[in-house]
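In case you want the letters, here they are:
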Amino acid sequence: MSAGQLSTTRPTLTRRIARILARWPRIRVASLLAAPVGWLVVFYLGSLAVLFAAAFWHYDANITFTITKTFSFENFVALISDPVYRSIAGRTVMIAALVNITDAVLAFPIAFVMGKLAGPKLRSVLGVLVLMPLWTSYLVKILAWRLILSDGGVLNWLLKPLHLSGPGFGEVAVYLVLSYIWLPYMILPLAAGFERVPTSLLEASTDLGARTWHTFRSVVLPLVFPALVAGSIFTFSLTLGDYIAVSQVSSTQFIGSVIYDNLGVVGDLPLAAAFATVPVLVMVVYLLLARRAGAFEAL
Amino acid sequence: MITRRSRLWVSAACASLGIAACGSASPGGSSGPAMLTKIGPGEGALNIIVWAGYAEAGQDDPTVDWVTPFQNQTGCKVNAKIANTSDEMDALMETGQYDGVSASGNATLRLMAGGTAAPINVNLLTNYADINPSLKDQPYNTYNGVHYGVPHGWGANLLMWRTDIVKPAPDSWGVVFDPNSPYKGKITAYDDPIYIADAALYLKSTRPDLHITDPYELDTTQFNATVNLLKAQHTVIGTYWSDYTKEQSAFANADSVVGTTWQVIANLLLTDKNPTPVAVTVPKEGSTGWSDTWMMYSHAAHPNCMYLWMNWITSPAVQAQVAQWFGEAPANLKACDIIAKTDPTFCATYHVGDAIYLHNLALWKVPLTNCGDSRGNVCKGYSDWLHAWTDIKG
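Cut-offs used in this document
- Residues numbered from 1 in each chain as written.
- Chains lettered and ligands numbered in written order.
- Predicted model: local features only at pLDDT ≥ 70, side-chain atom pairs only at ≥ 80, totals over all residues.
- Core = buried A, V, L, I, M, F, W, Y, C linked by C-beta atoms within 7 Å.
- Buried ≥ 20, exposed ≤ 12 C-beta atoms within 10 Å, placed from the backbone.
- Helix = DSSP H or I, 4+ residues; strand = E, 2+ residues; numbered from the N terminus.
- Domains from an automatic or database assignment.
- Contact = placed C-beta atoms within 7 Å.
- Nonpolar A, V, L, I, M, F, W, Y, C, P; charged D, E, K, R; others polar.
- Axes fitted to C-alpha atoms, helices over the stretch in contact; angles between N-to-C directions.
- Pairing = 2+ DSSP bridges.

So, the nonpolar core
Turning to step 1, where the next piece is worked out: Of all hydrophobic cores here, the largest spans 187 residues; its most connected members are A:Val177, A:Leu190, A:Phe275, B:Ile196 and B:Trp309.
Turning to step 2, where the next piece is worked out: With 16 residues, the top contributor of residues to this core is helix H9 (residues 171–196) of chain A.

In structure tokens form, the structure reads like this:
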């Protein structure tokens, strides 16, 4: 029997696959998701697993300056027993929380205008304005902030007539720069959240006699809260992991800079890997709380 | 991270296959390819890790260029990567992407002991005979009697200050260790664990009761006193620096007004189009310093170009250029004859050939648990220095 006869007597391979896919919707979904999910599992979870494994290795900084793959908890013991790592972690989480609050406050009015008040034209103009900083190099923005905050910089020049001076480089500078850099990540989900608030509810609230503040507190805020939390996931996690901005505008140690120093400068991968589990854990807790607030439906 | 890990995977794979030849971490560096006996034609490229100012191709000053003539002469296209600290140099060498490095004493021991650096055939080094004898056969370039490189030059870490702001001119490191300093928030220090030695050196003369003999050989009491001094200093530090451009801009903008520096940074500030008024000195307590060695990677992709570079950079004319640009004592003593034509006092200022001055300089080296004297194994090793540095910065 020749191949030509085969194709006439039985359906082609493509047709057979199509038939299977039509009959089994689950296979259809699975085959569509296989590549991206596989990518995530292998490269995201896989690299995390390797990182976690490395946290149990040993780095000899005394004689050989090499890593040996022996299992021990010494890196975690070092992280727990030395208070400096706790204070660094605490400082990082604190800054991340402050950046969150600041960005939420700053994003609220513009997101409200974008989601509720603006017509299509103004909305797209605002959208571009919000996104514009994201299209500029991250490093350029940080270096610009260095020029603003330095002793002979723009800020001090502006404040000089008032006999004041800026905060200079340090923790305050880190807070300012990160609040600025991550702001668009808060505005965009929040604007989408406002868009989903039905205008009819606002009208109903007014018709029932609620004042502006009451409407805002009892109707608007509960409805956009998930979007607010969704935005905060971005600002929080990005602040938690940043190491470039913090090293450019301060000498203060944050989780990211300590990981970078141990990895990129010293070569102590095990300690860096162990410390890297801290922001992972913090984010797991944060995401569980965010899920409770319904943030994932608002993403 | 990836490169270190992949190195581990490679060695794991080698181990499981039982291939002895591919092990690269055997001490003594005996594992690399055989030592060259003759310099062949260049491979067309050279990747090197350098301190700022060691590979100038006219990028800072169009007239300061010893890389382009080298490229023209040898055909080796130079790709120079500037590293800020010895730890960074070591980590970069470990990636295996570079042919060589201008390493200081606190990196060289690891490179030699870990087998990352290749033994060097000094018979192929055309300028080796003219190198300052005080720099040859030193623990930072010779390991178990084997030569691992050619000396480049040496110098002291200096105290720099803004002459328009810091008055009177300081003559002691005390100015950067005073917790009640009037320059609080404008003091800078080198961001590297090796800076602990600078504080130990200060305590060596100001706290004789601690009996510090060598700032790199600190027992627990001496170490704790030094760390406490640095923790107190942390409260007056504005920013630490390790990137030389960061320190340059910090002094130019008066974010830093006093602190430790290299001569080359002061030179860049003074010769800038908008010069910054700074001065430098070796304070009365003395200084830590460095003596650099050109070393080659044990599996260098371009070994001929690396040998050609070592011969080029140690030739009297190039040594004169580097020494004057960076502000250091050249290793090749013949360079002084050339420098003297334009700057007769230069070599005296940098104590070239002054073996006693060199001996008294606390040259960067790896702190080991073995104190190297009768105290035995009670000193703090580098891992303690690393952790202490994280502690100090808080």
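So, next bit.
Quick notes on the domain arrangement of chain A
Turning to step 1, where the next piece is worked out: Segmenting chain A into domains produces domain 1 (3–54) and domain 2 (81–298).
Turning to step 2, where the next piece is worked out: When each unit is reduced to the centre of its C-alpha atoms, the spacing between domain 1 of chain A and domain 2 of chain A is 39 Å.

Describing the domain arrangement of chain B
Residues and elements named next belong to chain B.
Turning to step 1, where the next piece is worked out: Partitioning chain B into structural domains gives domain 1 (28–154 + 291–359) and domain 2 (158–286 + 364–393).
Turning to step 2, where the next piece is worked out: For domain 1 versus domain 2, the separation of C-alpha centres amounts to 26 Å.
Turning to step 3, where the next piece is worked out: Each side of the interface is counted separately: domain 1 has 17 residues, and domain 2 has 12 residues.
Turning to step 4, where the next piece is worked out: Broken down by secondary-structure element, the contributors of at least two residues to the side of domain 1 that touches domain 2 are helix H3 (86–94), helix H4 (105–113) and helix H11 (316–327).
Turning to step 5, where the next piece is worked out: Counting residues per element, the side of domain 1 that touches domain 2 draws most heavily on H4, at 4 residues.
Turning to step 6, where the next piece is worked out: Tallied by class, the residues present in the side of domain 1 that touches domain 2 amount to 5 nonpolar, 8 polar and 4 charged.

Details of unusual backbone geometry
Residue and element names in this part refer to chain B.
Turning to step 1, where the next piece is worked out: The omega torsion of the bond from Lys 167 to Pro 168 falls at -5°, within 30 degrees of zero and hence cis.
Turning to step 2, where the next piece is worked out: Its location among the elements puts Pro 168 in the loop between strand S7 (158–162) and helix H5 (174–177).
Turning to step 3, where the next piece is worked out: Positive phi values are uncommon outside glycine, yet Asn 144 reaches one of about 50°.
Turning to step 4, where the next piece is worked out: On the secondary structure map, Asn 144 appears in the loop between strand S4 (142–143) and strand S5 (146–147).
Turning to step 5, where the next piece is worked out: Exposure remark for Asn 144: the 12 C-beta atoms within 10 Å place this residue in the exposed category.
Turning to step 6, where the next piece is worked out: We note that His 211 has phi near 55°; this positive angle belongs to a residue other than glycine.

Let's talk about the packing of helix H13 (residues 255–266) of chain A against H3(B)
Relative placement of two packed helices is described by the angle separating their axes and the distance separating the axes.
Turning to step 1, where the next piece is worked out: One can describe the packing of H13(A) onto H3(B) by two numbers: an axis separation of 7 Å at closest approach and a directional angle of 60°. The residues of H3(B) that touch H13(A), namely those facing A:Gly264, A:Val265 and A:Val266, are B:Asp87, B:Glu88 and B:Ala91.
Turning to step 2, where the next piece is worked out: For the contact of H13(A) with H3(B), the class distribution of residues is 3 nonpolar, 1 polar and 2 charged.

Overview of the pairing of strand S12 (residues 288–296) of chain B
In regular strands, side chains alternate between the two faces of the sheet.
Residue and element names in this part refer to chain B.
Turning to step 1, where the next piece is worked out: Burial runs high along S12: 9 of the 9 residues are buried.
Turning to step 2, where the next piece is worked out: The two faces of S12 match: Thr 288, Trp 290, Asp 292, Trp 294 and Met 296 on one face and Gly 289, Ser 291, Thr 293 and Met 295 on the other face are all buried.
Turning to step 3, where the next piece is worked out: Pairing of strand S3 (residues 100–103) with S12 involves 4 bridges; the strand directions are antiparallel. The residue bridging Gly 100 from the neighbouring strand is Met 296, located in S12.

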